[in-house]
Amino acid sequence: MHFDVLFHDFAAYTAGGLVYGAIYALIALGYTMVYGVLQLINFAHSEVFMYGTFAVAWVFVALHGTDQVSWSLGKAAPMLLVAVIVAMLVSAGIALLLERVAYRPLMKKGAPKLIALISAIGASFALSEAMGLRDRITGWFGLDGKLSNYVGGARNVYSNPVTIKPHNLFSIGSYNVTDIDVVIIVAALLMMLALDIFVGKTKFGRGIRAVAQDPESASLMGVNSTRVIQVTFLVGGLMAGVAATLYMLKIGSTRQQAGFIFGVKAFTAAVMGGIGNLRGALIGGLILGVVENWGSAVFGSEWKDVVSFVLLVLILLVRPSGILGEALGKARA
Amino acid sequence: MMGTKKTARLLAVAGVAALALSGCGSSGNNASDNTAGGGGKGGCGNYSIAFMGALTGDAGALGVNMINGVKLAVDEYNTKHADCKVTVKPFDSQGSPDKAPALATQIVQDSSIVGLVGPGFSGESLATGKTFFEAGLPSISPSATNVTITQQGWTTWHRVIGNDEAQGNAGAKYLTTTAGAKKVFVVDDAQDYSKGLATVVKKALGGSLAGYDEIQVGQTDMSAVVTKVKASGADAVYYGGYYTEAGLLVKQLRNAGFNGTFMSGDGSEDPAFVKAAGADAAEGALLTAPAGPAPADFGGRVKAAVGADAGLYTTQAYDAANIFLAALDAGKTSHEDINSFIGSYTGDGVSGPIAFDENGDIKQSTIWAYTVKDGKLDTENPTAIK
């Protein structure tokens, strides 16, 4: 146990953890919203995120080509804006596809939630393997030659040819806060705020809260529950798309299993903060990111995942409903 | 209703029984008893050489390099023996010791396979060595460098590449003497190969070791490691592992302002390292390998045969395949004969002089350091560091 390591660079570990925590928080929103409305854990949300990361890389390959270059954030900004929009659209599209194919038929038949959960797990594997086999799939249409920059090496790591180089803005202790870090945290907070306003103040948001509280009464009140569920998935997908862009901004490479560990961690964050609670997802994500990093400092990086999951167990033992506890349906009108 | 329940139960029992029986049946045949297909020199045995390694996945580029070498060797053999061709049977383990054992079982049950080029990586070698040894199937690995593999007593296991003892020592010596590093931080990803190599480096560094951390395969967030490296005041980092994590690590190190030397071993010595790191961050990185540059025309021959460039381990895999093909040429077809042939083989491969010691290690090897220059891994002009 090396607490001295942690305290020596406390700011660095905390700041680094907040940055990843922001990404976990955005992905956690997708889990928490779907759970709040449907009482369903959407295990395939991790693939919604993963497709978003590929979309970002593909945009850069499409607009810039495959030459490896290194750009500053300012220079990459226009392409990055296109990338975030495309990633949001792709993630939302996958989320809507999931809802239509993997969940709606089961909901219509009144299947138990366990069946929907299994369907989610199956959909998760199907989607991640489809990405891993994209060269074969495009081969069926004879497109694998033309699209080789996008589908080649389908099971290998896929990197953004444009490396976005961070610039130091200011220092906290020994940690240099870079422009990329600031963008990630600010973007995550803005998206969170936007979602809060959407759910709290708009008509659709009221619909979501109504269905979360009581689906039957909500439909008696004239809320179209199918539409509401679609919007829930859509919004979760949009959040995941932003998370995917921020992830690619920070890391720059992705692979077909990239969604898995982020999905599990984000789900953990959602549960820690109170599943079904939007602000809980934010808190959960940030806490998870920070504590994970502290754990890496104290115990060694190989214990990172152990620390995250032990934290989850501890919090649930003490407060089974999660940190903030309240569910989506109980939010103020 | 009762009828369907009973039928369902019957079918379930039958299904389980069928699965159990098929499991029992496959463990039977000891492949070393038969002489692999057609008898003697008369008929064509339709033999094949198996390859097991990472053809896809995080380290997939390396396995593809290897199988290309095997394919070139077999193509050249088949041109000379058009009436009795040899086939290559690839088995994709993704370099994982979890996936390899099931493939090893398949390989030993295939009676047409005379030998295995592989396994590609150390973890999978340790996981499958016993299976191959018990079946008597000879194998020559082009790339598994962990020292402990040849200490297991598997007389069928060989490698045409120098092991990590040599590579780690040479790397540590280079960092402290030539690169002038005073404090070296070592990181690995806990896999057999990576940990083995890093342990040799740590021991060789002695007092120059500034710190150590371990990451996981598939980890993308290296910020904690980066903070530790900076806190330790290290002026060099040695990474034991494969190119994906190495690239991500060096990228995050450079982004955080680390300007020291970055060195890694043969698992990272691939152009995919530059892709994962970005050309800027990869600049100046040193990647060692117990494999030297191939002879001038070799790259062209590989390109003509398989349509891809030669890469790390292509020469080793080519030489390994050629040893099996030479055994077939000499009329050896049984596992024991081929194994003895390998044990007593001496010759000059494109990767260098080849002869095996009693443990299966190659007798002579040189360690080369490759540098990333101008955004490209310079594979033509490495420096010999041992």
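## Focus on the environment of A:Met79
Its location among the elements puts A:Met79 in helix 4 (residues 73-108). The spatial distance from the C-alpha of A:Met79 to the C-alpha of A:Phe60 is 6.8 Å, given a sequence separation of 19 residues.

## Topic: unusual backbone geometry
All names here are of chain B. Here glycine 118 and proline 119 are connected by a cis peptide whose omega angle stands at -10°. In this fold, proline 119 is placed in the loop between strand 3 (113-117) and helix 4 (122-135). Positioned with a positive phi, asparagine 46 is a non-glycine residue whose angle comes to about 50°. One can find asparagine 46 in the loop between helix 1 (2-26) and strand 1 (48-53). The class of asparagine 46 is partly exposed, set by 13 C-beta atoms lying within 10 Å.

## Some words on the interface of chain B and chain A
Every contact between the two is made by 30 residues of chain B and, on the other side, 28 residues of chain A. Mapped by element, the contributors of at least two residues to the side of chain B that touches chain A are helix 2 (60-80), strand 7 (209-214), helix 7 (223-232), helix 8 (243-255), helix 9 (271-277) and helix 10 (279-282) of chain B. Per-element tally for the side of chain B that touches chain A: the top contributor is helix 7 of chain B, with 6 residues. The residue makeup of the side of chain B that touches chain A, split by class, is 9 nonpolar, 13 polar and 8 charged.

## Re the packing of helix 7 of chain B against helix 8 of chain B
Residues and elements named next belong to chain B. Put simply, helix 7 and helix 8 touch, their axes get as near as 10 Å, and they point 55° apart. Here helix 7 is positioned oblique relative to helix 8, judged by the angle of their axes. Pair helix 7 / helix 8 crosses with right-handed handedness. Residue-level inspection shows Ser223, Val225, Val226 and Val229 of helix 7 in contact with helix 8, the latter providing Leu249, Gln252 and Leu253. Taken together, the residues of the contact of helix 7 with helix 8 sort by class into 5 nonpolar, 2 polar and no charged.

## Things to note about the nonpolar core
Counting 225 residues, the largest nonpolar core has A:Ala25, A:Leu26, A:Ala243 and B:Ala321 as its most contacted members. Taken domain by domain, the makeup of this core includes at least three residues from each of domain 1 (48-163 + 294-355) and domain 2 (165-289 + 367-384) of chain B.

## Digging into the sheet that holds strand 1 of chain B
Residue and element names in this part refer to chain B. Strand order in the open sheet made by the 5 strands is 2-1-3-4-5, with parallel pairing throughout. Where the open sheet ends on each side, the last strands, each with one partner, are strand 2 (87-92) and strand 5 (157-159). The average angle at which neighbouring strand axes cross in this sheet is 25°, direction not considered. Here 3 bridges tie strand 4 (residues 139-141) to strand 5, and the two strands are oriented parallel to one another. Looking at the pairing, serine 141 lines up with arginine 159 of strand 5. In the packing of helix 2 onto the sheet, the strands contacted are strand 1, strand 2 and strand 3, and the crossing angle to strand 1 comes to about 170°.

## Topic: the confidence of the model for chain B
Residue and element names in this part refer to chain B. Per-chain confidence: chain B averages 87 in pLDDT, with 91% of residues scoring 70 or above. Low pLDDT (under 50) marks residues 23-42, which in the prediction has 31 contacts with non-local residues, meaning those over four places away or in another chain. Reported confidences for the modelled complex are a pTM of 0.83 and an ipTM of 0.87.

## Some words on the domain arrangement of chain B
Residues and elements named next belong to chain B. Segmenting chain B into domains produces domain 1 (48-163 + 294-355) and domain 2 (165-289 + 367-384). The distance between the C-alpha centroids of domain 1 and domain 2 comes to 28 Å. On the domain 2 side, the residues contacting the 16 residues of domain 1 number 18 residues. Elements that contribute at least two residues to the side of domain 1 that touches domain 2 include exactly helix 2 and helix 4. Ranked by residue count, the leading element in the side of domain 1 that touches domain 2 is helix 4, at 3 residues. Residues of the side of domain 1 that touches domain 2, tallied by class, amount to 7 nonpolar, 8 polar and 1 charged.

## A word on the packing of helix 4 of chain A against helix 11 (residues 225-250) of chain A
All names here are of chain A. Viewed as axis vectors pointing N to C, helix 4 and helix 11 meet at an angle of 140°, and their least axial separation amounts to 7 Å. For helix 4 against helix 11, the interelement crossing comes out right-handed. Across the interface between the two elements, Ala83, Val84, Ala87, Met88, Val90, Ser91, Ala92, Ile94, Ala95, Leu96, Leu98 and Glu99 from helix 4 touch Ile229, Gln230, Phe233, Leu234, Gly236, Gly237, Leu238, Ala240, Gly241, Val242, Ala244 and Thr245 from helix 11. Of the residues belonging to the contact of helix 4 with helix 11, the class tally is 17 nonpolar, 6 polar and 1 charged.

## Remarks on the pairing of strand 13 (residues 368-373) of chain B
Residue and element names in this part refer to chain B. Here strand 10 (residues 286-289) pairs with strand 13 via 4 bridges, running antiparallel. Along strand 13, the bridge assignment pairs leucine 287 with tyrosine 370. Pairing of strand 13 with strand 15 (residues 383-384), which is carried by 2 bridges, proceeds in the antiparallel orientation. Each residue of the ladder has a partner; that of tryptophan 368, found in strand 15, is alanine 384. Strand direction decides the pairing type here: strand 13 and strand 14 (residues 376-377), joined by 2 bridges, are antiparallel. Paired with valine 372 across the bridge in strand 14 is leucine 377. If you look at the hairpin formed by strand 13 and strand 14, you'll find 2 residues sitting between the two strands, and aspartate 374 has a positive phi there, around 55°.

## Things to note about the pairing of strand 2 of chain B
Residues and elements named next belong to chain B. Bridging between strand 1 and strand 2 involves 6 bridges; their strand directions are parallel. Looking at strand 2, one finds that isoleucine 49 is bridged to valine 88. Crossover handedness for the path strand 1 to helix 2 to strand 2: right-handed.

Rules and cut-offs
- Residues numbered from 1 in each chain as written.
- Chains lettered and ligands numbered in written order.
- Predicted model: local features only at pLDDT ≥ 70, side-chain atom pairs only at ≥ 80, totals over all residues.
- Helix = DSSP H or I, 4+ residues; strand = E, 2+ residues; numbered from the N terminus.
- Buried ≥ 20, exposed ≤ 12 C-beta atoms within 10 Å, placed from the backbone.
- Contact = placed C-beta atoms within 7 Å.
- Nonpolar A, V, L, I, M, F, W, Y, C, P; charged D, E, K, R; others polar.
- Axes fitted to C-alpha atoms, helices over the stretch in contact; angles between N-to-C directions.
- Parallel < 35°, antiparallel > 145°, perpendicular 65-115°, else oblique.
- Left-handed = near helix turned anticlockwise from the far one by under 90°.
- Core = buried A, V, L, I, M, F, W, Y, C linked by C-beta atoms within 7 Å.
- Domains from an automatic or database assignment.
- Pairing = 2+ DSSP bridges.
- pLDDT = per-residue confidence, 0-100.
- Right-handed = clockwise from strand over helix to strand, strands pointing away.

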